[in-house]
Each structure stands twice: as structure tokens, then as C-alpha cells.
Amino acid sequence: MKELNNFIKSDRQQVKWVFGAALLMTSSCSAQPTGENPIEPPLDADQPNIIFILADDMGYGDIRRFNPGSAIPTPHLDKLSAQGMMFTEAHSGSALSTPTRYGLLTGRYSFRSSLKKGVLGGFSKPLIEKERPTIASILKTRGYHTAIVGKWHLGLGWQTTNGSDAEENNTAFDKPLTYTPNDAGFDKSYILPASLDMVPYVYIEDRNVIDPVMTVIEGVDSPRGHFWRTGKASQSFSIEETLNHFTGKAKQYIRERASSKQPFFLYMPLTAPHTPWLPADKFKGVSGAGDYGDFVVHVDDVVGQVTSLIDSLGIKEKTLIVFTSDNGADWNSTDKAAYPHLANYIFRGRKSDAWEGGHHIPLIIQYPKMISFGKTSDALVCMTDFFATFAEMTGATTSLGAAEDSKSFLQVLNGSSKTARSEVIHHSGDGYFAIRQGRWKFIDCSGSGGWSSAGKEPLPPGQLYDMQTDPEEKNNLYNKYPQKVEELKNLLNTIIR
């Protein structure tokens, strides 16, 4: 709570961050999420390029540097972590896709938005509130060119044929969209509306559908992991080629911006290894974890392509690269029985759960100018924290009350501190809450809060775990330490309010 109180200043102040010891003078206007900046933003040669690679449904235990027992070879991610800093206590803001992405871009826990559980669909309305500052919009005030290439999953402004809310059969795919990532601070956007198993199957560049002549893709539901829904698609759309297609577009953007004096921010939310598990042919059979493992190898190759390009363009020293995941892997008991692999490492549960498997994610950050090779941090960090971290790093200013759940961990990156925040809230797919403070974790429900079963035995109404001695969450101490339960429950409710 102390961090949150420190972050939210009085109404006579602005929240301002500085980079290093130098105070960077910034415009007094608040960050603009849409339109042109009212004042020409400054260019600073010391501002790093930022490439943020967000995997979709990838577990902590998939990367061998995080889990030496992984059945999946990940040489490029291993190299990235060896050359930068790997975080062993990083958490997504939610155990599902849409809410984590909202939290990442806005610096707010997603339960503060209109979405209280679950995810959006491909035809849903925009979730990010009008005029809400985002990472992209605040970086624009510091002179950045901003782009997104990949999966959006935060709602769009579709035009319809009858004026009603967008659905599959009334969407006017040949008309420009009224809301896209361009309205959330991105200068350039090339996106898929939602997950790769959700309709519509189209690419959208800025405000227009690429190839608006539609056909129908027939869905499948087997074998395990090979799932997508039946629905409308651009006639040229290929589900199997999506990851490679986005990789090519991202590399094209990097090449275009590399020679510019203007720093760039590339948000690269991948469509993999989310279902459908469709690795390219050259990756099939190379892992010991089936199609899912092979798809993770494909993701690793994408990271390798990006890092190799950065090296070849001579911009490695001034480029900050982030790799992480939006939530834990959807690796269930059937998968564990079939393969000698723990996608979520030793953690209990899976994607959607309040248990660690739902939100305990891998995080790697490489930035040669600041981070020495081979660093490991056990600092508690949340996906919401990138807003404040990038703001402090670049000297950006934002409006009062924005990004209220974001805590900068720049001091962890530059080695001046080992800690950033003292507590973090977890949110499950079904809308249940948990909180972590120090060694203690309280879950405000009796089960997983998501898709995993808690068994049939009678359970207490909540859960308390000592994560220092029981990271697998096997021993529920709820009845043993009622005072600690009450303390954490009160803290949780205070932060929620």
C-alpha cells in the first residue's frame, strides 16, 4: 500500500520520473492517447529503442534458463537471458489474455476496467477507456515512433451494416474501423483482432482490413491443442502462417526505423504458443513436449530472428528488448501425463488460475547500456509496472491518477536496488482475487479461481500459502494463521477500493 500511496500524489502535483541522475525537462501537458501531440516532442539520443515481445500462453518452465528440466530447446531465449536480466518473481496482471494486455498498456489492474472476468472476443467494443494514457502515448510525448505488430485482443470499433453492435454477420469489413490501436497511442498498427482461435480471421493495418473479401474457415477441435472456431476470414488468410507473417512485418518495421534518429517502441504481441498449436514444418518433432513444445521452439526462433536483426543493424547497444508472457501455459494434467515437461515449472495450476501456474511468468530484459550480462533478480514485479518503468527511463510525464497500479523497477534494472514493490494483486480468469506480500500469498476463494479443479474434498473458504517454503502451494495454512489471513484480506480490499 505504501508504494501506491507514494505513487498517487496530491492534486497540486504531477507525477514525474527522471532517467538516471539527470532531470529531463518535459512538457507540462499530460500524455495524449489519441491524435497529434500539441507540442513537438523532444528527441533524445540517449533514449533507447524498445522492443516488447509478448508471448501468448507461454509458461515459466518452457525456457531452459528458467527450468533446466525443460523438454524444449530454447537457445535464443537462453542467450537473451544470459546477456540480460532474468526475473524469477514476475507476474502477469491477470491469468488471462485481455486483462493482462489492458494492465500492461495502461499501468492499471484490469479489474478497474469494465471487464471483471474472462476475455473479449474479436467483435467486442474497445476496453481501454477514451483518453486513457498508455505506454505508447506517453512514449510519443518523449519523441518515440510507436507501433504494434501482432495480436490486439482489446476491442475494436467495427462499422456495421445495420447500426447495431458488431457481430459476425453484420460487420462491414470493407469500411474503416472507428477505433484501433492508433487511437491508443500507436502511430502504426498491424494486428489480428483477438486470439488465433477466434473469429474474425483478418489482418487490420491501421484502420482497414487487409483483403476484405471474406470467406469461411471451418473450425476444428482435435487433436489436443489444435482448436479454432468456425467463422469469417479474409480469403487470403492462413492460420498456419500467422506467426511467420507477423514476424516478417515486425522485422520490416525495425529495418525502416533503425536508421532514424527518432527512437522507436515496437509492441510485438505474438499469437503463439496459444492454440491452435501449429508450428512450422521445420520445428515439428524437435521438442520433447509435442506440438505445444514445437510451437515454443518456433517462438524461440522468432526471438532469434529479432535479436539477430538488431545485431546486424548495429543498434543492439541502444535497444532494450523485453520478452515475457501474458499468463501461464494452458498445460493440463493430460499434457503432463503425455510428456516429461512442466510448462509452468513446479507451480500449481495453469492459465486462468489464481494459483501460481496462472500468472507466474518468465521475464527477460536485455539492454547492454544498463544491464550487465547474466543478471538474475528475485524482485517482485507485475506486468502493470512497465508503464512507470518506461516513464521513468525516458523522463515522461503523465496525468494525475493514471497508471495507479504501476511501480517502476528501473532501480532493479540499473542495479541500484534489489526490490521494487512489496505486494502484488493476482486476478483469476473467473474474477477471483489473490494477493502476494513477501513470503505470504492469500487467495480469496476455495479453489483455483479458474479452469483447474481443486478436488472434491471439503475446502476452507480461502487459501494461505508460505511461498518461501511451499512454492508449489500444497499446504493451505488458512486455518492455522487466521490473523495473517485477515491482514492480507484487509490489504487486498484496501488496494481494490
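Described below are features of the structure shown in this document.

What counts and how
Residues numbered from 1 in each chain as written. Predicted model: local features only at pLDDT ≥ 70, side-chain atom pairs only at ≥ 80, totals over all residues. Heavy atoms only, no water. Helix = DSSP H or I, 4+ residues; strand = E, 2+ residues; numbered from the N terminus. Rg over C-alpha atoms; globule rule 2.2 N^0.38 Å. Buried < 20%, exposed > 50% of the residue type's maximum accessible area, 1.4 Å probe, protein only. Contact = heavy atoms within 4.5 Å. 1 Å grid on protein atoms, 1.4 Å probe; cavity = no way out; pocket = protein on both sides within 12 Å on 5 of 7 lines; lining within 4 Å. Points joined across faces, edges and corners; volume = space filled by probe spheres on them. Nonpolar A, V, L, I, M, F, W, Y, C, P; charged D, E, K, R; others polar. Pairing = 2+ DSSP bridges. Axes fitted to C-alpha atoms, helices over the stretch in contact; angles between N-to-C directions. Polar contact = N/O pair within 3.5 Å; in protein donor to acceptor, adjacent residues only side chain to side chain. Phe/Tyr/Trp six-rings, centres within 6.5 Å; stacked < 30°, edge-to-face > 60°. Lys NZ or Arg CZ within 6 Å of the ring centre and 35° of its normal. Core = buried A, V, L, I, M, F, W, Y, C linked by side-chain atoms within 4.5 Å.

**Thoughts on the overall build of the protein chain**
Assigned secondary structure in the protein chain consists of 10 helices and 19 strands. Here the C-alpha atoms of the protein chain give a radius of gyration of 22 Å, agreeing with the 23 Å that 2.2 N^0.38 yields for 497 residues. Referenced to the eigenvectors of the C-alpha coordinate spread, the extents of the protein chain come out at roughly 60 × 55 × 50 Å. In the protein chain, which comprises 497 residues, the share counted as buried stands at 62%. The contacts in the protein chain between residues at least 6 apart in sequence include a share of 72% that link residues at least 24 apart.

**What to know about empty space enclosed by the protein**
Within the structure shown, the criterion is met by 5 cavities of 30 Å³ or more. Every element with two or more residues in the lining of the second largest cavity is listed here: strand E3 (85–91), strand E12 (360–366) and strand E14 (381–382). Class assignment for the residues of the lining of the second largest cavity results in 7 nonpolar, 2 polar and no charged.

**Some details on the sheet that holds strand E16 (residues 423–427)**
In space, the 4 strands of this open sheet follow the order E16-E17-E18-E19, with antiparallel pairing throughout. This sheet does not close on itself; its edge strands, each paired only once, are E16 and strand E19 (463–466). The sheet shows a mean angle of 15° between the axes of neighbouring strands, direction not considered. Across 4 bridges, the pairing between strand E18 (residues 440–443) and E19 is antiparallel. Bridge assignment links Trp440 to a residue of E19, and that residue is Asp466.

**Concerning the side chain of Ser377**
By secondary structure assignment, the location of Ser377 is in strand E13 (residues 375–377). Side-chain polar atoms of Ser377 contact the backbone nitrogen of Ala379, separated by 3.1 Å. What Ser377 contacts, discounting residues up to four positions off in sequence, is Met85, Met86, Phe87, Thr88, Glu89 and Val412.

**Points about the packing of aromatic side chains**
Given two aromatic rings, their pairing is described by the distance between the two centres and the angle made by the two planes. Considering all chains together, one arrives at 29 aromatic pairs under this definition. Consider the rings of Tyr203 and Phe246, whose centres lie 5.3 Å apart with planes at 80°: the pair is edge-to-face. In this pair, Tyr203 sits in strand E6 (residues 203–205) while Phe246 sits in helix H5 (residues 242–258), placing the two residues 43 residues apart along the sequence. For the pair formed by Tyr203 and Phe246, the shared burial category is buried. Grouped by ring-pair contacts, the aromatic residues Phe52, Phe87, Trp152, Phe186, Phe265, Tyr267, Phe386, Phe390 and Phe409 constitute a single cluster. Over the ring of Trp355 we find Arg348, and its NZ or CZ is 3.7 Å from the ring centre.

**Some details on the pairing of strand E4 (residues 145–151)**
Among the 7 residues of E4, 7 are classified as buried, and the element is accordingly described as predominantly covered. Judged from the 4 bridges that link them, E4 and strand E10 (residues 264–269) form a sheet pairing that is parallel. Within the sheet, the bridge partner assigned to Ile148 lies in E10 and is Tyr267. In the sheet, E4 pairs with strand E5 (residues 188–192) via 5 bridges, with the strands oriented parallel. Its bridge partner being in E5, Lys151 is matched across the sheet by Leu192.

**As for helix H8 (residues 386–394)**
Judged by how many residues are buried, H8 sits mostly within the fold: 9 of 9 residues are covered. Turning to H8, its buried residues are Phe386, Phe387, Ala388, Thr389, Phe390, Ala391, Glu392, Met393 and Thr394. In the segment just after H8, Gly395 is the residue with positive phi, at about 75°.

**What to know about the nonpolar core**
Note that soluble globular proteins tend to have their nonpolar side chains buried in a common cluster. The biggest cluster of nonpolar side chains holds 116 residues, and the ones touching the most others in it are Trp152, Phe323 and Phe386. If you tally residues by element for this core, the top one is helix H6 (residues 290–312), at 10 residues. When neighbours within four sequence positions are excluded, Trp152 is seen to be in contact with Arg101, Leu105, Ile128, Tyr179, Pro181, Ala184, Phe186, Ile191, Leu192 and Pro193. Residues Phe433, Trp440, Tyr478 and Leu488 belong to the second largest nonpolar core, which totals 18 residues.

**Some details on unusual backbone geometry**
Here Val199 and Pro200 are connected by a cis peptide whose omega angle stands at 0°. You can see Pro200 is positioned in the loop between E5 and E6. Cis geometry is found at the peptide bond from Ser222 to Pro223, where omega equals -5°. The phi angle at Asp57 is positive, at roughly 65°, despite the residue not being glycine.

**Regarding the side chain of Gln463**
Structurally, Gln463 is set in strand E19. With a relative accessible area of 2%, Gln463 lands in the buried category. Among the polar contacts made by the side chain of Gln463, one reaches the side chain of Trp355 at a distance of 2.9 Å. One polar contact links the side chain of Gln463 to the main-chain carbonyl oxygen of Cys445, over a distance of 2.9 Å. Beyond its immediate stretch of four places on either side in the chain, Gln463 contacts Arg348, Trp355, Lys441, Phe442, Ile443, Cys445, Ser446, Gly447, Asn476 and Tyr478.

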